[in-house]
Amino acid sequence: MSKVGEQVQNQIRVSDKVVASARAHGAAVAEILAARSQATKQAYASIFESLADGLARAASELGKAEEDLAAERADDGPVRASRDAAATALATLLGLLRRTIEDHMGAAALATYGLSTESPRVPAKLLQYTKTVARLLGEHPVVVVSPLGSTFNASVAQQSVIKQCNQLEAAVGDDHREARELETALAARDRAAAAWSDVYQGTASTLEGLYRLAGYRDLAEKVRPTQRKIRGEDEGAEIEGAEPAPEG
């Protein structure tokens, strides 16, 4: 349960209490209801059992979907860190390239290679920016030797830029994949939450009615669904396992 948020924990707890109530008191209530109707005790007992099993299953599916979502969110951190590291490395390389071109060919040459504007900070935009720089390096191949003997080779620079660009492209792709997987996990959790809400409200309301018919008003109040319970803001009252006597 460590990966499950407080809201879902409360929803599961309130489910567990309703399930426990149905299983603990179902037999006694079934006997009372059977004595007042044409249905058998076994028929009523089967209703209690079915209600308990259905709600337990819905709560289990909700918990599993929430755990899957939490695990998917945990995966995002390392992937995003890898993407940001690749973006930082590429931006650093572009800064070095910009200074090298300016030192060997002058500031006017920066526009030739698409480096006259500041590199974008957003990784996906930086990737597209760098692809343009790599293309221009290939379209304008030069080898320039400075008065001090250092050399700028556009083809060699292009290969370095492409290599670093490929690393960022892979990292951005991983990040996009994680975003899609997170979206899928979130949608699955939301579907499980909606299904649980329907099953919980239907089960708890049915039990409340059956308990009231049998004269178990205290139990009826304890299982009665409320908006706070449905929203996971309240885990509900404790339900004792002993069989109480019908009231009035």
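Scroll up a little and you will see the structure.
Below: a short report on this structure. (Residues numbered from 1 in each chain as written. Predicted model: local features only at pLDDT ≥ 70, side-chain atom pairs only at ≥ 80, totals over all residues. Heavy atoms only, no water.)

Now for the overall build of the protein. Looking only at helices and strands, the protein features 6 helices and 2 strands. Secondary structure elements of the protein occur, N-terminal to C-terminal, as α-α-α-β-β-α-α-α. Taken over the C-alpha trace, the protein has a radius of gyration of 33 Å; the compact-globule value for 248 residues is 18 Å, which it surpasses by more than 25%. Expressed as lengths along the three principal axes of its C-alpha atoms, the size of the protein is roughly 105 × 25 × 20 Å. (Helix = DSSP H or I, 4+ residues; strand = E, 2+ residues; numbered from the N terminus. Rg over C-alpha atoms; globule rule 2.2 N^0.38 Å.)

With that out of the way, let us pick up the environment of asparagine 10. Turning to its location among the elements, asparagine 10 is positioned in helix α1 (residues 6–35). When the C-alpha positions of asparagine 10 and arginine 121 are compared, they lie 41 Å apart, and in sequence the two are 111 residues distant. With sequence-adjacent residues up to four places away left out, asparagine 10 is seen in contact with Gly232, Glu233, Asp234 and Glu235. A distance of 3.2 Å separates a polar atom in the side chain of asparagine 10 from a polar atom in the side chain of arginine 13. (Contact = heavy atoms within 4.5 Å. Polar contact = N/O pair within 3.5 Å; in protein donor to acceptor, adjacent residues only side chain to side chain.)

Tallying each qualifying case throughout the model produces 4 aromatic pairs. An angle of 35 degrees between the planes, with centres 6.2 Å apart, marks the rings of phenylalanine 48 and tyrosine 211 as tilted. Residue phenylalanine 48 is found in helix α2 (residues 41–105), and its partner tyrosine 211 is found in helix α4 (residues 154–214); the two are separated by 163 residues along the sequence. Judged on exposure class, the residue phenylalanine 48 and its partner tyrosine 211 are both buried. Measuring from centroid to centroid gives 6.4 Å for tyrosine 211 and tyrosine 216, while their planes differ by 40 degrees, and the two rings are tilted. Tyrosine 216 matches tyrosine 211 in its accessibility class, with the two residues each being buried. Aromatic rings pair up to connect Phe48, Tyr211 and Tyr216 into one cluster. (Phe/Tyr/Trp six-rings, centres within 6.5 Å; stacked < 30°, edge-to-face > 60°. Buried < 20%, exposed > 50% of the residue type's maximum accessible area, 1.4 Å probe, protein only.)

The subject of this paragraph is the nonpolar core. In this structure, Val29, Phe48, Trp196, Tyr200, Leu207, Tyr211 and Tyr216 are the most contacted members of the largest nonpolar core, which totals 35 residues. Elements represented by at least two residues in this core include exactly α1, α2, α4 and α5 (217–223). Among the elements that make up this core, the one with the highest residue count is α1 (12 residues). The next biggest cluster of nonpolar side chains, apart from the first, holds 25 residues, and it includes Leu97, Ala134, Leu136 and Val172. (Core = buried A, V, L, I, M, F, W, Y, C linked by side-chain atoms within 4.5 Å.)

Here α1 crosses α4 at 30 degrees, and the two axes come no closer than 10 Å. Here α1 runs over α4; the crossing is left-handed. For the pair α1 and α4, the contacting residues are Gln11, Val14, Ser15, Val18, Ser21, Ala22, His25, Val29, Ile32 and Leu33 in the first and Trp196, Tyr200, Thr203, Ala204, Leu207, Leu210, Tyr211, Leu213 and Ala214 in the second. (Axes fitted to C-alpha atoms, helices over the stretch in contact; angles between N-to-C directions. Left-handed = near helix turned anticlockwise from the far one by under 90°.)

Here we come to helix α3 (residues 123–139). Here α3 contains 17 residues, and its C-alpha end-to-end distance of 24 Å stays within 8% of the 24 Å for a straight helix at 1.5 Å per residue. Buried within α3 are the following residues: Pro123, Leu126, Leu127, Tyr129, Thr130, Val133, Ala134, Leu136 and Leu137. Where α3 is buried, its residues contact α2, β2 (151–153) and α4. (Expected span 1.5 Å × (residues − 1).)

We now examine α1. The terminal C-alpha atoms of α1, which comprises 30 residues, lie 42 Å apart, in line with the 44 Å expected from a rise of 1.5 Å per residue. When the local axis directions of α1 are compared, the greatest deviation, roughly 55 degrees, occurs at glycine 26. (Bend = angle between axes of the 7 residues up to and from the residue.)

Within the secondary structure layout, glutamine 158 lies in helix α4. Assessed through its relative accessible area of 16%, glutamine 158 is described here as buried. Among all residues touching glutamine 158, those that are not within four sequence positions of it are Ala134, Leu137 and Gly138.

Axis separation between α2 and α4 bottoms out at 6 Å; the angle between their running directions is 160 degrees. Viewed along their axes, α2 and α4 adopt a mutual orientation that is roughly antiparallel. Between α2 and α4 lies a crossing of left-handed hand. Tallied by class, the residues present in the contact of α2 with α4 amount to 34 nonpolar, 7 polar and 14 charged. (Parallel < 35°, antiparallel > 145°, perpendicular 65-115°, else oblique. Nonpolar A, V, L, I, M, F, W, Y, C, P; charged D, E, K, R; others polar.)

Within the structure shown, the criterion is met by 19 salt bridges. Two residues, glutamate 31 and lysine 41, come together in a salt bridge whose shortest N-O distance is 3.8 Å. One end of the pair, glutamate 31, is in helix α1; the other, lysine 41, is in helix α2, with 10 residues separating them in the sequence. Put simply, aspartate 68 and lysine 64 hold a salt bridge, and the shortest N to O gap is 2.8 Å. Of this pair, aspartate 68 and lysine 64 both sit in helix α2, 4 residues apart, which is roughly one turn of the helix. (Salt bridge = Lys/Arg side-chain N within 4 Å of Asp/Glu carboxyl O.)

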